[in-house]
Structures are given as structure tokens and as C-alpha cells.
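What the coordinates show
Residues per chain are reported as follows:
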Amino acid sequence: TLPVGAAPVLLGSAAAAVPGLYFDVTYRHPAYTGLKDRTERRREGSIKAIKGTEAVVRISYVGGVAKAEAVRGATRIPMQREPPNSASLSFVLDEPFNYRVEFEGGRDAVVTPAYGVEPVPDKPPQAALEAPGDLVAGEREVGEDEALDLTVSADDDFGLKSVALVLAVQGTGREQRVSVSEPAGAPNAWEGDHRLELAPLKLAPGDRVHLFVEAKDNDA
């Protein structure tokens, strides 16, 4: 029988290290992020990664591990024993929660403090028109066959998929999307110039066009 667990701690707070206990946490990120798997070794088991990540938690104890469980709320989750001194399990980061580990290690019965698990949301990308200044400030009067030299930018926390311009002719329901870039390597930030031809919109005198910059990341 393992002893009763310690009181839980708040997410993000630092839990005391258990002598002789080590955590190896492998992060398997969602495929759309393009992030490579990575493993961290430390003395405590807190976890923080993008939502949807699978975190494989492996404990190693100098006194050996005979039997181990992770306790998440009222749920006890058996850990896969890896003789002689390790055990592992995996969590999917779907919501914030706390967990602790209880295990028999040789002559010891060990209960860890509670560790926080924090999924980080994938934020939507941001986009902006950088130039020309008068259009950024509000509006410009143009001819129906004119071309506009624009500078646009976009950024995202995990990587950009595409940048486009969207033009909507007010009161007509007509809309056109013009691809600007599909940045190679899904960078976190991108800026570039684009020459926009207005002739394809078939504008008439008095038409009013709203221009938007659209950025997409790899999260469908």
C-alpha cells in the first residue's frame, strides 16, 4: 500500500525535487506544427507544451521501481515498468491538470508532489498592411486599371502557411483573393512586397474596395 499523496500545488508553481528521482519528458508535438520531438531531463515532472501534444513521462529512481502509478484527480493510471529502475506513461495535453506519481522503489514507498500540466493554445496568426502609408492610414483614390505597390507582413507563434490579399467590392458581393506568398519552411514571421493589379476586379467609377491581408498557419 502506498502512502496518501501530498496536497496539490498550483499550475506553474515549482515542486520540490524528490532525492534520487529523475524525469525524462518527451514531447511529441501535433504534426501540423512541424516541430520535432524533443526530450528534457529534469528533477520534477511539470509539463508545458502546445495543446494536443503527447507527453511521454519516464521516471527513473536510484532505488529501482517495482510498481508505479500516476494519479490525475480521482483517476489512477498504471505506469509501464521498465526494469530495473524506470517506469513510463503518456499524457495528451488536452486541458490543464495536476498529477503526482506514487511508486514502490526497492525498500521505499515514494509519493511525489503534484506537478502542473499546462497546454499552450495555438494562437491565430497576425497580418498587417505596412505600406503605402496613405492606404495604411485609411484610403486612397485610384483608377480602375491602376496597380498598387504594397508591403505586407504576417507572423505566427508556430509557423505561417500562407499570406494573401482579399479585396471586397462594397455593396456588390464581389470578392477576390490574391495569393502573396506561401513562405518556405513555415517561418514565424514574414514580410514582403506585392504589386496588386486592380484590372481583374473590373471596377467602375464610384466603387469602393475594402482590402484585407489574410494569414494562415498550419492549424486547419
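Anyway, here's the lowdown on the structure attached to this text. Small disclaimer: the values here were computed from a predicted structure and weren't measured. (Residues numbered from 1 in each chain as written. Predicted model: local features only at pLDDT ≥ 70, side-chain atom pairs only at ≥ 80, totals over all residues. Heavy atoms only, no water.)

**Things to note about the sheet that holds strand β12 (residues 126-131)**
The cut-off we apply is this: By the convention used here, strands pair only if DSSP detects at least 2 bridges between them. For the purposes of this entry, the term helix denotes a DSSP run of H or I that reaches at least four residues, the term strand denotes a run of E that reaches at least two, and both are numbered from the N terminus. With axes taken as lines fitted to C-alpha atoms, and helix axes fitted only over the stretch in contact, angles between N-to-C directions fall between 0 and 180 degrees.
The sheet built from 3 strands is open, its strands ordered β12-β13-β16 with antiparallel pairing. Two strands close off the open sheet at either side, each with one partner strand: β12 and β16 (189-197). Ignoring which end each strand starts from, the neighbouring axes of this sheet average 30° apart. Note that β12 and strand β13 (residues 147-155) share 5 bridges and pair antiparallel. By the bridge assignment, A131 is partnered in β13 with T151.

**Observations regarding the nonpolar core**
Side chains that are nonpolar tend, in soluble globular proteins, to be buried together. For clarity, the threshold we go by: Buried Ala, Val, Leu, Ile, Met, Phe, Trp, Tyr and Cys residues that are joined via side-chain atoms within 4.5 Å together make up what is termed a nonpolar core. Using a 1.4 Å probe on the protein chains alone, a residue whose accessible area is under 20% of its type maximum counts as buried, one over 50% counts as exposed, and one in between counts as partly exposed. Contacts: residue pairs with any heavy atoms within 4.5 Å of one another.
F23, I47, I59, F91, Y99 and F103 are the most contacted members of the largest nonpolar core, which has 26 residues in total. Looking at this core, the elements that each hand over two or more residues are β1 (21-28), β3 (47-50), β4 (54-61), β5 (67-72), β8 (86-92), β9 (97-105) and β11 (115-120). Discounting chain neighbours no more than four positions away, the residues touching I47 are V25, Y27, R42, A55, V57, F91, L93, Y99, G116, V117 and E118. Of all hydrophobic cores here, the second largest spans 20 residues; its members include L148, A154, L196 and A215.

**A look at the pairing of β1**
In terms of burial, β1 is a largely internal element, 6 of the 8 residues being buried. Pairing of β1 with β4, which is carried by 8 bridges, proceeds in the antiparallel orientation. Looking across to β4, one finds that D24 is bridged to R58. With 5 bridges connecting them, β1 and strand β2 (residues 38-42) associate as antiparallel partners. Bridge assignment links F23 to a residue of β2, and that residue is R42.

**Quick look at the side chain of D122**
What counts, and what does not: By the counting scheme adopted, Arg and Lys are positive, Glu and Asp are negative, and His together with the chain ends is not counted. When a carboxyl oxygen of Asp or Glu is within 4 Å of a side-chain nitrogen of Lys or Arg, the pair counts as a salt bridge. Any pair of N or O atoms that falls within 3.5 Å is considered a polar contact. Within protein, one atom must be able to donate a hydrogen and the other to accept it, and sequence-neighbouring residues count only if both atoms are side-chain atoms.
In this structure, D122 sits in the loop between β11 and β12. No salt bridge is formed by the buried D122, whose closest oppositely charged neighbour, K123, lies at an N-O distance of 9.2 Å. Polar contacts involving the side chain of D122 include one to the side chain of Y32, which spans 2.8 Å. Filtering out sequence-adjacent residues up to four positions away, D122 remains in contact with Y32, I50, D156, D157, F158, D217 and D219.

**Re the side chain of H194**
Inspection of the secondary structure puts H194 in strand β16. With residues near it in sequence (within four places) discarded, H194 still touches L148, D149, L150, L165, V178, S179 and V180.

**Describing the packing of aromatic side chains**
Cut-off, in case you're wondering: Side-chain rings of Phe, Tyr and Trp, where Trp is taken by its six-membered ring, are said to pair if the distance between their centres is within 6.5 Å; with planes under 30 degrees apart they count as stacked, over 60 as edge-to-face, and otherwise as tilted. Counted as over-ring charges are cases with an Arg CZ or a Lys NZ within 6 Å of the ring centre that also lie within 35 degrees of the ring normal.
The tally for this structure, following the rule as stated, stands at 5 aromatic pairs. Plain terms: the ring middles of F91 and F97 are 5.2 Å apart, the flat faces sit at 70° to each other, and that makes the pair edge-to-face. Look at F97 and you get buried, because its relative accessible area is 8%. Connected via pairs of aromatic rings, a cluster forms that spans F23, F91, F97, Y99 and Y115. It is R38 that lies over the ring of Y27; its NZ or CZ is 4.2 Å from the centre. Across from the ring centre of Y22, 4.7 Å away, lies the NZ or CZ of R43, which sits over that ring.

**A closer look at unusual backbone geometry**
When glycine is set aside, most residues are seen to have a negative phi, and most peptide bonds are trans. For the peptide bond that leads from P83 to P84, omega is 0°, which places it in the cis range. As for its placement among the helices and strands, P84 is situated in the loop between β7 (80-82) and β8. Here the residue pair A131 and P132 is connected by a cis peptide bond, since its omega of 5° sits within 30 degrees of zero. As for its position among the elements, P132 is in the loop between β12 and α1 (133-137). For A186, which is not glycine, the phi dihedral falls at a positive 45°. Structurally, A186 can be placed in the loop between β15 (175-181) and β16. Its identity as a non-glycine residue notwithstanding, K202 has a phi of 50°, on the positive side. Within the element layout of this structure, K202 appears in the loop between β16 and β17 (209-217). Among the residues examined, K202 registers a relative accessible area of 66% and is labelled exposed.

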